[in-house]
Amino acid sequence: MVSQEQRESAFLWLLDRLKEDQVAVPLIARDFTAEDWAFVFEGLPKDLRFELWQTLTEDKKSPILAAMRDDSREQLMSLLSNQNIEDLALASTTEHLVEILDALPNRVAKGLIKKLNAQESGLIEEALNYSDEQLGRYVNHDVYTVNKSVTVGELLDALKIETLPPYTDSILVVDDTDHYLGQLDINQLFNSDADAQLIQVAEFSDRVLAADLDLFDASEAVKSSGRSMLPVITKEGRLLGRFSVKDAIDVYQEYYEAQLSHMGRVSDEDLFAPVFTSARRRAVWLGINLLTAFAASIVIGIFDEVVAQVVALAVLMPIVASMGGITGSQTLTLTIRGLATGQLATSNLRALGNKEVLVAFFNGLLWALVVSAITSLWFDNPWLSAIIAVALVINMLIAAISGIVIPVLLDKMGIDPALAGSVILTTVTDVIGFFVFLGAASLLLV
């Protein structure tokens, strides 16, 4: 297995050779998996990607494209000719082809599907009936199945000359119409009567996955099952394929990378996406942020006279907003994690809210005392110290409540809380913090 350190070392070696127009593949790269190569391509500028792509053998290209993130895959495919893409598609497995088709215009994708054989086109069309968040779209069809009428002895003889797919710990038993009937553990197989039919010794397990299940939920199910794979069935009970531990790990990695990207408002953006594309995508969030900044500025503008008379307020305002923002972000992170892992639901939402409010209250009291003491020594104004202490406590309490309410509401609206939550939270903490602080100052200091 290639380690992360070895992969990065090989990547840097390749990058240097590409820059010198000396394309060569280091020895270690010959053991690269599709995921390793995807890592390499995503770290290369656009022109070098194409140069390296041309050196790869055809059998590696489709798995690499499928392993790349969406934006990076689209960028690389934009460099390929229509004939290159068609050749790739026709040589791809069903699972890889679904990923490739997602990056193509509908007209081109439909044209490619028509050129597939009947079995492949049937699998692709069935996969496309599911959304890109459902298990059925990406189910692994590389699964070992046996008809119910086969005997244990016949199966053992077959296994002597056949190779089981990776991550196979059980044999799936189906009927003549491919409906799932049960499974037989490999270990149990060797301890069963050779003359017994599989239907007699197989166990029907309710540990199966519905094809319309969410990908992340399917990954959680595999993780908690203690098995290396689980069968995937349609609503009619027909076996569609399987979902393995490796598939679950891939989903987890993609999910958490997406969460990290959302924190920076860059979503699935390719490292070397075109300048205009990156600028256009980020401009949307910069615009939203500008609107929220104006909202906070409007609140400050309402109290411009008191700020002009008491200059210390301008010095202390960022403290109120910053402490509220950090408090809200801490709660927001916990809430998003709870929603993502399924640990947070309506039944325990109030309990989390009570806990976070108490945490914010005690932290608010602690840091309000610290800030008021510093303010008193700095400006020698007890009223100012009292005002900022009260504003800190109130803003931190509001921030904690908002850190729960905002992501829950966004989740119910079908909006990713990781992508939009912090923008809304910042607006709330800034506006509330400034309003309380400056409002109290206008009443007591002017």
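As the structure is a computational prediction, the values presented were derived from the model and not from experiment.

Some remarks on empty space enclosed by the protein
Here is step 1 of the chain: Per the counting criterion, the structure on display carries 1 cavity of 30 Å³ or more.
Here is step 2 of the chain: Considered as a void within the structure, the largest cavity measures approximately 40 Å³ in volume.
Here is step 3 of the chain: Taken together, Thr 94, Glu 95, Val 98, Ala 127, Gly 136, Arg 137, Tyr 138, Val 139 and His 141 make up the full set of residues lining the largest cavity.
Here is step 4 of the chain: Secondary structure elements with two or more residues in the lining of the largest cavity: α7 (94-102) and α10 (135-138).
Here is step 5 of the chain: Taken together, the residues of the lining of the largest cavity break down into 4 nonpolar, 3 polar and 2 charged.

Let's talk about a nonpolar patch on the surface
Here is step 1 of the chain: A cluster of nonpolar side chains, contributed by Val 315, Leu 366, Trp 367, Val 370, Ile 374 and Trp 378, occupies part of the molecular surface with about 570 Å² of accessible area.
Here is step 2 of the chain: If you tally residues by element for the nonpolar patch, the top one is helix α19 (residues 346-379), at 5 residues.
Here is step 3 of the chain: Mapped onto the elements, Trp 367 comes out in helix α19.

Examining unusual backbone geometry
Here is step 1 of the chain: Phi is positive for Tyr 167, which is not a glycine, with a value near 60 degrees.
Here is step 2 of the chain: Tracing the sequence through the fold places Tyr 167 in the loop between α11 (152-159) and β2 (170-174).
Here is step 3 of the chain: According to the relative accessible area criterion, Tyr 167 is partly exposed, its value standing at 41%.
Here is step 4 of the chain: The phi dihedral of Asp 178 falls on the positive side, at around 65 degrees, and the residue is not glycine.
Here is step 5 of the chain: Here Asp 178 is to be found in the loop between β2 and β3 (180-185).

So, the nonpolar core
Here is step 1 of the chain: Ranked by internal contacts, the top residues of the largest apolar core, which has 47 residues, are Phe 41, Trp 53 and Phe 243.
Here is step 2 of the chain: The contacts of Phe 243, once residues within four sequence positions are left out, are Leu 135, Leu 209, Leu 215, Ala 218, Ser 219, Val 222, Met 229, Leu 230, Val 232, Ala 248 and Val 251.
Here is step 3 of the chain: One finds Phe 303, Ala 312, Val 320 and Phe 437 within the second-largest nonpolar core, a separate group that totals 25 residues.

With respect to the packing of aromatic side chains
Here is step 1 of the chain: In total, this model carries 6 aromatic pairs according to the counting rule given.
Here is step 2 of the chain: When the ring of Trp 37 is compared with that of Phe 41, the centres are 6.4 Å apart and the planes differ by 50 degrees; the resulting orientation is tilted. Here Phe 41 and Trp 37 lie together in helix α2 (residues 34-42), a separation of 4 residues that amounts to about one turn.
Here is step 3 of the chain: For Phe 41, a relative accessible area of 0% translates into the label buried.
Here is step 4 of the chain: Judged by centre distance (5.9 Å) and plane angle (65 degrees), the rings of Phe 303 and Phe 435 are edge-to-face. Of this pair, Phe 303 sits in the loop between α16 (275-302) and α17 (304-309) while Phe 435 is found in helix α21 (residues 417-444), placing the two residues 132 residues apart along the sequence.
Here is step 5 of the chain: These aromatic residues form a ring-pair network of at least three members: Trp 37, Phe 41 and Trp 53.

Brief notes about the packing of α19 against helix α20 (residues 382-412)
Any two packed helices are characterised by how steeply their axes cross, that is the angle between the axes, and by the distance between the axes.
Here is step 1 of the chain: Packing of α19 against α20 leaves a shortest axis separation of 7 Å and a crossing angle of 155 degrees. It follows from the interaxial angle that α19 and α20 lie roughly antiparallel. Regarding α19 and α20, the two cross each other, and that crossing is right-handed.

Observations concerning the environment of Thr 93
Here is step 1 of the chain: Mapped onto the elements of the fold, Thr 93 is located in the loop between α6 (82-90) and α7.
Here is step 2 of the chain: The exposure class assigned to Thr 93 is partly exposed, which follows from its relative accessible area of 39%.
Here is step 3 of the chain: Spatially, the C-alpha atom of Thr 93 lies 8.5 Å from that of Pro 63, the residues being 30 residues apart in sequence.
Here is step 4 of the chain: Polar side-chain contacts of Thr 93 include one of 3.2 Å to the side chain of His 96.

Conventions we followed
- Residues numbered from 1 in each chain as written.
- Predicted model: local features only at pLDDT ≥ 70, side-chain atom pairs only at ≥ 80, totals over all residues.
- Heavy atoms only, no water.
- 1 Å grid on protein atoms, 1.4 Å probe; cavity = no way out; pocket = protein on both sides within 12 Å on 5 of 7 lines; lining within 4 Å.
- Points joined across faces, edges and corners; volume = space filled by probe spheres on them.
- Helix = DSSP H or I, 4+ residues; strand = E, 2+ residues; numbered from the N terminus.
- Nonpolar A, V, L, I, M, F, W, Y, C, P; charged D, E, K, R; others polar.
- Patch = residues over 30% accessible without salt bridge, like charges linked within 9 Å, V, L, I, M, F, W, Y side chains within 5 Å.
- Areas by Shrake-Rupley, 256 points an atom, 1.4 Å probe, with all protein chains shown as cover.
- Salt bridge = Lys/Arg side-chain N within 4 Å of Asp/Glu carboxyl O.
- Buried < 20%, exposed > 50% of the residue type's maximum accessible area, 1.4 Å probe, protein only.
- Core = buried A, V, L, I, M, F, W, Y, C linked by side-chain atoms within 4.5 Å.
- Contact = heavy atoms within 4.5 Å.
- Phe/Tyr/Trp six-rings, centres within 6.5 Å; stacked < 30°, edge-to-face > 60°.
- Axes fitted to C-alpha atoms, helices over the stretch in contact; angles between N-to-C directions.
- Parallel < 35°, antiparallel > 145°, perpendicular 65-115°, else oblique.
- Left-handed = near helix turned anticlockwise from the far one by under 90°.
- Polar contact = N/O pair within 3.5 Å; in protein donor to acceptor, adjacent residues only side chain to side chain.

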